[in-house]
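Secondary and tertiary structure notes
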Amino acid sequence: MNRTTVSLIAGTAALAAVTGFATLSSPEAAGTARTAAELPVERTSLLCPSPSTSDIAETSYTSFTPVTKGAGSGGKAELQAAAEESDGKSKGSDGKGKGKKAGKPVLVPEEPGKPVTGDTSGGDAPALVGTAEGKFAPGWTVQETTEVAAGSGRGLQGVNCSAPDTEFWFPGASTAADRTDYVHLTNPDDSAAVVDIELYGKDGALDSTLGEGITVGPHSSDPILLSTLTQEKQENLTVHVNVRSGRVGAAVQALDDKLGGDWLAASTDPSGSLVLPGIPKDATAVRLVAFSPGDSDADLKVQLASPSGLITPAGNETLHVKAGMTASADLGDVTRGEAGSLVLTPTGTSVPVVAALRVVRGKGDDQETAFIPATRPVGTRATVADNSAKGTTLSLTAPTRGATVKVTASAGSGGGEAVSKTFTLKAGTTQNVEAPTPTGLKGTYALTVEHVSGGPVYGSRTLAATEDGVPGFTIQALPNDRGMVAVPDADEDLSVLQK
């Protein structure tokens with residue numbers, strides 16, 4: 001093969017095509033590429049699923065972009081309602097492959113470093129499609145939080161609005177009689193997306209053809225009820241969303257008749273080792289669900305990263321995951337009153353797996369559920385929005401080596417000044433850190449975690465709000481925000497991109 005030298009602009013275009021949501025522009029980027037290994041992304045897309053079908057649901061949205069050095073001074077960000085019309089197959093389509101775009105934005109951030117909030121009520125709130133450009137793009141984060149006072153799925157439901165992609169794994173879904181689970185698919189683009197949904201239970205793939213070739217119209221969103229895709233009733237399922245054409249955002253809404261409900265976000269890409277951070281210290285029941293998508297069985301060592309170090313849960317030292325089958329293990333009250341994160345590593349040959357935890361708090365009729373998927377490390381930086389002075393817990397874990405992180409509480413949505421603290425984590429431990437709160441806080445605020453030194457750090461944030469004795473809560477992971485992108489030198493040989 002001849003070696004081909006690709007210009008910075010062409011290389012950036014190729015990188016944008018790979019990431020699907022991050023782009024760079026010239027000439028400013030080109031002028032700094034020779035001296036900077038990384039530059040801020042200049043365009044980001046986020047998609048928020050329709051929050052609830054309950055008439056008594058109350059939903060809040062919080063948008064936040066951390067201040068990023070080198071991000072420039074221009075740009076904007078906005079969230080719009082996805083089109084609501086549907087022909088039963090291609091929601092939002094006008095029959096010509098062009099969906100009707102929404103009109104007035106429902107949420108428009110004002111400036112980086114300050115959260116902006118919005119809210120809605122009732123069961124007809126639409127999915128949202130959002131784009132941020134320029135200084136608003138790097139690290140843009142949107143949180144959707146819903147309170148449901150009664151009925152199936154009652155409690156606190158929360159999800160980080162996610163970037164569109166082409167593949168998602170959701171271990172921990174269910175078609176059991178007391179569960180009502182939906183896969184929400186949202187298409188941000190001008191052309192329809194075609195999606196396959198596959199379900200895997202304890203004995204392998206479930207028999208279903210109804211999940212094949214689902215069309216999601218342009219600028220629209222479809223909730224797919226899992227129980228309509230199969231007649232089998234299984235408590236622990238893995239859902240695989242594979243996009244044949246286009247791209248979508250995807251999340252699973254899991255509603256339980258007795259245990260409340262929450263959003264199940266996608267697990268990180270299949271990997272031999274996984275971290276599931278931030279199990280609440282007062283969790284009364286924890287269930288691990290894992291799936292091996294390849295052709296080989298996986299044998300996993302199960303450990304809990306506690307405040308004092310890694311420990312092995314008695315009776316659950318390992319988990320065997322057969323290829324193509326969903327495995328589960330009930331870990332009980334594994335944290336026993338202390339902060340904890342689950343660490344999965346191969347006992348022998350590394351086999352890629354995906355995993356998630358279902359976490360229950362409370363007892364008897366006063367129980368609520370949340371989910372913790374395996375997640376990426378914080379990396380350079382991660383942010384979570386919609387925090388309050390009370391009811392917010394930030395959990396950080398360093399599973400392999402000690403590390404130092406900087407945590408910044410942003411200004412409040414209604415006023416206040418940003419505050420930062422530095423924390424040191426010992427190897428193999430989890431800490432529920434005393435995160436800072438803004439000086440003179442009014443409204444809600446964002447927490448940004450930046451890696452300073454040491455090994456990889458994983459994190460999650462728990463929001464808790466007890467109402468009528470029911471301990472409502474929701475947990476969001478803090479994966480790297482991918483707000484920075486590596487840029488090659490203008491004269492660098494990028495022939496590898498052509499392979």
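Treat the numbers as computed from the prediction; the structure is a model and nothing was measured. (Residues numbered from 1 in each chain as written. Predicted model: local features only at pLDDT ≥ 70, side-chain atom pairs only at ≥ 80, totals over all residues. Heavy atoms only, no water.)

**Section: the overall build of the protein chain**
What the protein chain contains, in helices and strands, is 2 helices and 37 strands. Each of the 499 residues in the protein chain was classed as buried or not, and the buried ones make up 54%. Long-range pairs, those at least 24 residues apart, make up 81% of the contacts in the protein chain between residues at least 6 apart in sequence. (Helix = DSSP H or I, 4+ residues; strand = E, 2+ residues; numbered from the N terminus. Buried < 20%, exposed > 50% of the residue type's maximum accessible area, 1.4 Å probe, protein only. Contact = heavy atoms within 4.5 Å.)

**Quick word on the sheet that holds strand 19 (residues 285–291)**
Here 4 strands make up an open sheet; going across it, the order is 23-19-25-26 and the pairing antiparallel. Every interior strand has two partners, whereas the edge strands, strand 23 (326–332) and strand 26 (366–373), have only one. Across the sheet, the mean angle separating the axes of adjacent strands is 15 degrees when strand polarity is ignored. Here strand 25 (residues 354–363) runs beside strand 26; their pairing, made up of 8 bridges, is antiparallel. Each bridged residue has a counterpart across the sheet, and for Arg 358 the counterpart in strand 26 is Phe 371. (Pairing = 2+ DSSP bridges. Axes fitted to C-alpha atoms, helices over the stretch in contact; angles between N-to-C directions.)

**Structural notes on the sheet that holds strand 27 (residues 381–387)**
Spatially, 4 strands are ordered 27-34-29-31 in an open sheet, and the strand pairing comes out antiparallel. The open sheet terminates on both sides in strands that have one partner only, identified here as strand 27 and strand 31 (419–425). Strand-to-strand twist of the sheet, defined as the mean angle between neighbouring strand axes without regard to direction, takes the value 20 degrees.

**Quick look at the state of the cysteines**
Covalently bonding the sulfur atom of one cysteine to the sulfur atom of another cysteine gives a disulfide. This structure, assessed with the given rule, holds 1 disulfide. Note on cysteine connectivity: Cys 48 is disulfide-linked to Cys 161, with sulfurs 2.0 Å apart. Linking Cys 48 and Cys 161, the disulfide has an S-S dihedral of approximately 110 degrees and is accordingly described as right-handed. Separated by 113 residues along the polypeptide, Cys 48 in strand 2 (residues 43–48) and Cys 161 in the loop between strand 8 (155–160) and strand 9 (167–173) bring together distant segments of the chain. In this structure Cys 48 comes out as buried when scored by relative accessible area, which is 0%. The buried category is assigned to Cys 161, whose relative accessible area is 7%. (Disulfide = S-S within 2.5 Å.)

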